[in-house]
Amino acid sequence: MSNIRILRQKKSKKSKKKIRIVRLWQLCLNSVVETAFHRNLPYMKKTSFYFDFRVSDISICYSSLTFQKVHEKVCIISQPTSFKLTEDSFWMRTCKNEDSMFYCSYICFQGNAIKTYKYNVLTFLPLNLYEQFKRAANLYFLCLLILQIIPQISTLPWYTTLVPLVLVLGITAIKDLVDDLARHRMDKEINNRRCDVLLNGRFEETRWMNLQVGDVVRIKKNDFIPADILLLSSSNPNSLCYVETAELDGETNLKFKMGLKVTDERLQEEDQLARYNALILCEEPNNRLDKFMGTMIWDSQSYALDLDNMLLRGCKIRNTDVCHGLVIFAGNDTKIMRNGGKTRFKRTRIDILMNYMVYTIFALLVLLCAGLAIGHTYWYESIGSKAWYLYDGLGYSSSTRGFLSFWGYIIILNTMVPISLYVSVEVIRLGQSKFINWDLQMYYADKDTPAKARTTTLNEQLGQIEYIFSDKTGTLTQNIMAFKKCTITGLTYGETNHQYLETSHSMVSPVDFSWNKYADKKFQFEDHFLVSCIRSKKDPQIHEFFKLLSLCHTVMVEHKGDELVYQAASPDEGALVTAACNFGYVFLSRTQDTITILEMDHEETYEMLALLDFNSDRKRMSIILRFPDGKIRLYCKGADTVIYQRLDANSKNIETTQEALDIFANETLRTLCLCYKDISQAEFDAWSQKHQAASVSMGNREEALDTVYEEIEENLLLIGATAIEDKLQDGVPETIAKLAKANIKIWVLTGDKKETAENIGYSCQLLTDNMKIHYGEDVKQTQRRNDPQGRNKKLKEQFFTESGNNALVITGGWLNEILYEKKKKRRRLRLKKLRKRFTNSTNPPDSNQPVDDWEKEKRQEDFVDMACECSAVICCRVTPKQKANVVSLVKRYKKAVTLSIGDGANDVNMIKTADIGVGISGQEGMQAVMSSDYAFAQFRYLQRLLLVHGRWSYIRMCKFLRYFFYKNFAFTLVHFWFSFFNGFSSQTAYEDWFITLYNVCYSSLPVLLVGLLDQDVNDKLSLRFPKLYLPGQQGSLFNYKNFFISLFHGIFTSLMIFFIPYGAFLQTMGQDGEAPSDYQSFAVVAASSLIITVNLQISLNTSYWTFVNFFAVIGSIAIYFGVMFDIHSAGIHVILPTTFTFTGAASNALRQPYLWLTIILTVGICLLPVICIQFLYQTIWPSVGDKVRSLKNVIMRNILG
């Protein structure tokens, strides 16, 4: 078996390295072993842990370290260690020696078996109940149930609370059980997958669950990768391996991985793999899918490891027959499992408001119960204690009875806090999410991509969006790049009116690339002069330009017959390599240290000495090559802002190239500058040593590499620049125009040049000709530092006094002055010095530097105020972190509901920061989609998501909540009025089973369907009249005003439901001579009036009628009467006489005609004011929705007339 150590390192707070030993291997140092011999220690101690240590089991090598597997539970290290106990293992670090003490560590290693399920047979019931009772509402009703068991305070049978509580808990438990059973099946299937592992010098088949860190595995074509594995070798040349990452990040396009050159050459056969003996130092397990940092030490040589060398669990091997790898992370330590954790929970405004309203209801409940308890105390003192027929023999004082009455009313009035509210809300949200998923008008047929609601908790928030933050490339544009123009040594190519072009038709037609057998037939270019210059080979700079494009990249190539298929990490890079290929500079192949290209008619291979990769901070990439003649040259391409800072003073054509860049930007083309630098052998050797040290550094490797890169990327010589076209998506201008009419402000955050971003703004109608454009560098912010009252008084001044629309264009550099996001430690020192200098001097410090945190906050607030006065904002040259910070500032200072939309990995932070994140499944992969709350394929679908689904969801949820609170107030407060006539004795106004079933069967379905199906206007009118969106932004349909309206409406309804039957029952006589003026008959009449009233009330509030709504209203009333006659029948009373006590009450009461008249009168008086108010509002104060519906009715009448 191969001898391998894997150490994972992490810096502690004291900058000391922590080492976690994760493989079951023995490290024997002769000093430790000799000391153990001399002291004859049979045991080695680590606090309270003791382990058997037998020296005879150890292999000793006095000249060097020996790695020997001794025991899978024991590891000896060269120095004593301090430790911290974690769930699965010990974290250890080196510390000072102690006499007569050696430390052994018991390592509980992470196996490869995974466990994603939460429950088993024994733990399901207790764990699930524990999780559900962590919710305040469920716990509250459990406490009520316990109170109902106490005889002294119980005013309702226990089943009145138990039945709805069990129903709610049961539905949730069944859902959790179904989900967990699916996880059980998935875990079993995955853990029992098979793979080959190297055991005893040969590969043997084993289950995934048996793999351990340090195992060497063999994976075959179309196999899933069982763990996070270091690629050692493969059957492809240069250990190239193609993987499909669909299960990891949702992308279906293939990615390539490549093993190190040293492992490719020396680890191809079984016997070579069995002798593999190396030390792997790597990072701690983490969830970053885009990063891995490690170092392999083998034969006294260090080799840097990065993500390109790793095969991650969950991926699938494609186009590769066999590959070999070393398990680095296993089981729950793998990156895909680390990403399975909970994401940040987003809550809607309605959620927060609803919780506060529930707290308000609970406070009202306590106040009501306290008042009724006081009333009972005084009543018993003055009346109850003196009435002989009320004597119960308990001997309680009036205060004690008042105390018990308080808890009795807590039980009776508990329905003010609705137990089914949260469950009903989740059902409605789930249904609304399904409607989004099923919307065919948001389905993109070209890519077979439907819209997807990836969360069910934010639907109504879609109807309240105030600010949209959008990426440009791939979000507003198609992200399908096409090489259009270029400038080389000051001359621009690609224009059809080029000064050298003739006016003949043949010269303005597309260039014929048939002379190049590798040319892409889809490539279009119209400048014949550039092609003639290339083929003439007269201009060496043109030669260098296209040679740079064919060499400086990370593209991989796949040969399919005579056709070349390029696999590019970004569309930009693929477009440039394809362009070079069409012009005769064909990228043919690459290995770990060579690149081969076809330069017109001859093939050349260049030795790759170093690749200085691209990232969002560097905004450039470079490659250092050794030419066949031995010359060393650096090629670099990147954004003009960073390239121009690194140009040599003697570089030519700087001004003319800049002019061309400005022209390209005005035409909304994406630009890159190209440059080069020749390097001497001595200079490269010195730099290479620094690069090697930085590349194997385990601490701050990225920062160290950036510093080394900076040293070599200077004094560059400019060649020219490229211009790539990225067209707008279909429907973008129309979408932005409609969202603007809905009072939604759109900010574009992009990394492109200011001119490019600005022109895209005009193209998509974000910027219009009647807007006044303001640039951040030219705008003076209000200074509040010297205002003596500024810290206590919030000044609100208009930044733009001009009338009309304003737009703001700012850059990332200007934004840095607002955010102060870099060099935090250095900034704190600078602020400290500035404060000290400002204190000792009468002269204020530089206005560009903040004096303290207050000044920093005020500048940020000024920026937000200024930007929010504008109709449109464009932030260009911004980093992913700046995008997220801008969103955060608007959320913090404007308390606005924000939405971020993007398509790439650089948009993930912005998407996660916003209240709602939308991902577009475009050309840059699925990272944005995987981090989003909603996803679709085209930007134009955003208008339907917000103006239709978002608006409908908001209106439905508001209507549902208003009515839900109303019907519960109307139901519960009848008990309150009844208490004034029963001595505040906690007697209920209804029959017990009616209380139990009211929210479950009699009134739940109609309001649930309104929350799912209601719509004030159809989708076409919602899109045609964007002003309909405004009520959601204003929050006017559900707030505390609406809550108290529902409360007073419920109070009015409860008054009518109690006092009208009460008045009708006074001194009455039935037609048969009987007096139905008893408590049970009154309860039947009151309950019947309530059920009919609340169901007809929701009918008045229903805007969109379907058969289902009609059936639900009629069915709920029918179910009530059917159940009532059943539970009041004599037959069920005989079976359970103590439970069903209202025997014959319904049939006795409802056979009296005047009681039916009482019910009709009660319902009519309850509904008549509502009808009148609705009529007055629609006639005198119509809403936007009322006006649109009226307009629709007029149009329909005209059409029919």
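Cut-offs used in this document
Residues numbered from 1 in each chain as written. Predicted model: local features only at pLDDT ≥ 70, side-chain atom pairs only at ≥ 80, totals over all residues. Heavy atoms only, no water. Helix = DSSP H or I, 4+ residues; strand = E, 2+ residues; numbered from the N terminus. Buried < 20%, exposed > 50% of the residue type's maximum accessible area, 1.4 Å probe, protein only. Contact = heavy atoms within 4.5 Å. Areas by Shrake-Rupley, 256 points an atom, 1.4 Å probe, with all protein chains shown as cover. pLDDT = per-residue confidence, 0-100. Pairing = 2+ DSSP bridges. Axes fitted to C-alpha atoms, helices over the stretch in contact; angles between N-to-C directions. Parallel < 35°, antiparallel > 145°, perpendicular 65-115°, else oblique. Left-handed = near helix turned anticlockwise from the far one by under 90°. Expected span 1.5 Å × (residues − 1). Salt bridge = Lys/Arg side-chain N within 4 Å of Asp/Glu carboxyl O.

1. Focus on the overall build of the chain
Within the chain one finds 39 helices and 42 strands. Taking all 1201 residues of the chain together, 53% fall into the buried category. Within the chain, contacts between residues separated by at least 24 positions form 73% of all contacts whose residues are at least 6 apart in sequence. By element, 55% of the accessible surface of the chain is carried by carbon and sulfur atoms, the whole surface being about 54,900 Å².

2. Some thoughts on the confidence of the model for the chain
One rule of thumb: low pLDDT means the predicted coordinates there are not for detailed reading. Confidence in the prediction of the chain, expressed as mean pLDDT, is 80, and 83% of residues score 70 or more. Taken as a whole, residues 497-507 scores under 50 in pLDDT and shows 16 contacts with residues more than four places along the chain or in a different chain. Here residues 841-847 is a poorly scored stretch, pLDDT under 50, and it has nine contacts once near neighbours within four places are set aside; other chains count.

3. Let's talk about the side chain of Thr 671
Summarising the element assignment, Thr 671 is placed in strand β34 (residues 669-679). Residue classification places Thr 671 among the buried residues on the basis of a relative accessible area of 15%. Apart from the residues lying within four places of it in its own chain, the contact partners of Thr 671 are Leu 661, Phe 664, Thr 722 and Lys 753.

4. Focus: the sheet that holds strand β38 (residues 806-811)
Taken in spatial order, the nine strands of this open sheet run β23-β42-β41-β40-β24-β36-β39-β38-β37, and their pairing is mixed. Bordering the open sheet on either side are β23 (452-453) and β37 (772-775), each of which pairs with just one other strand. Two strands pair when backbone bridges link them, and β37 and β38 are joined in this way by four bridges, in the parallel orientation. By the bridge assignment, Ile 773 is partnered in β38 with Ala 807. Running at roughly 175° to strand β24 (residues 467-470), helix α25 (residues 880-894) makes contact with β24, β36 (745-749) and β40 (898-902) of the sheet. The strands that helix α28 (residues 941-979) touches are β24, β40, β41 (916-920) and β42 (934-936); relative to β42, the one it contacts most, it runs at about 140°.

5. Describing the sheet that holds β34
Strand order in this open sheet of nine strands is β26-β25-β35-β34-β33-β32-β31-β30-β29, and the pairing throughout is antiparallel. With partners counted over all chains shown, the strands left at the sheet margins are β26 (491-493) and β29 (585-590), one partner each. Going from strand to strand, the sheet's axes swing by 30° on average, the running direction of each strand aside. Looking at chain direction, strand β30 (residues 594-599) and strand β31 (residues 602-612) are connected through six bridges and run antiparallel. If you follow Thr 594 over to β31, its bridge partner there is Glu 607.

6. A short note on the packing of helix α4 (residues 159-191) against helix α29 (residues 992-1002)
With their axes 8 Å apart at the nearest point, α4 and α29 run at an angle of 20° to one another. The orientation of α4 relative to α29 falls into the category roughly parallel. Judged by the twist between their axes, the crossing of α4 over α29 is right-handed. Listed contacts from α29 to Tyr 159, Thr 160, Val 163, Pro 164 and Leu 167 of α4 are Asp 992, Trp 993, Thr 996 and Val 1000.

7. Overview of unusual backbone geometry
Its identity as a non-glycine residue notwithstanding, Asn 715 has a phi of 55°, on the positive side. With respect to the helices, strands and loops of the structure, Asn 715 is situated in the loop between α19 (701-712) and β35 (717-725). The exposure class assigned to Asn 715 is partly exposed, which follows from its relative accessible area of 43%. Phi at Asn 743 takes a positive value of approximately 65°, unusual for a residue other than glycine.

8. Observations concerning α25
Across its 15 residues, α25 extends 21 Å between first and last C-alpha, which sits within 8% of the 21 Å expected from 1.5 Å per residue. Within α25 the residues assigned to the buried category are Pro 880, Gln 882, Lys 883, Ala 884, Val 886, Val 887, Leu 889, Val 890 and Tyr 893. Phi turns positive one or two residues past the end of α25, at Lys 895, with a value near 50°.

9. A look at the pairing of strand β32 (residues 620-626)
Of all seven residues in β32, six are buried, a share of seventy percent or more. With five bridges joining them, β31 and β32 adopt antiparallel strand pairing. Bridged to Ala 610 within β32 is Ile 624. Relative to strand β33 (residues 632-638), β32 runs antiparallel, the two being bridged by seven bridges. Residue pairing across strands places Ile 624 opposite Leu 634, the latter belonging to β33.

10. Let's talk about the pattern of salt bridges
Counted by the stated rule, this structure contains 45 salt bridges. Among the salt bridges present, the one from Arg 951 reaches Asp 1016, with a minimum N-O distance of 2.3 Å. Of this pair, Arg 951 sits in helix α28 while Asp 1016 sits in the loop between α30 (1004-1013) and α31 (1019-1024), placing them 65 residues apart in sequence. For the pair Arg 951 and Asp 1016, a shared accessibility class is recorded, and that class is buried. Within this structure, Arg 618, Arg 620, Arg 646, Glu 710 and Glu 713 form a network of salt bridges that share partners.

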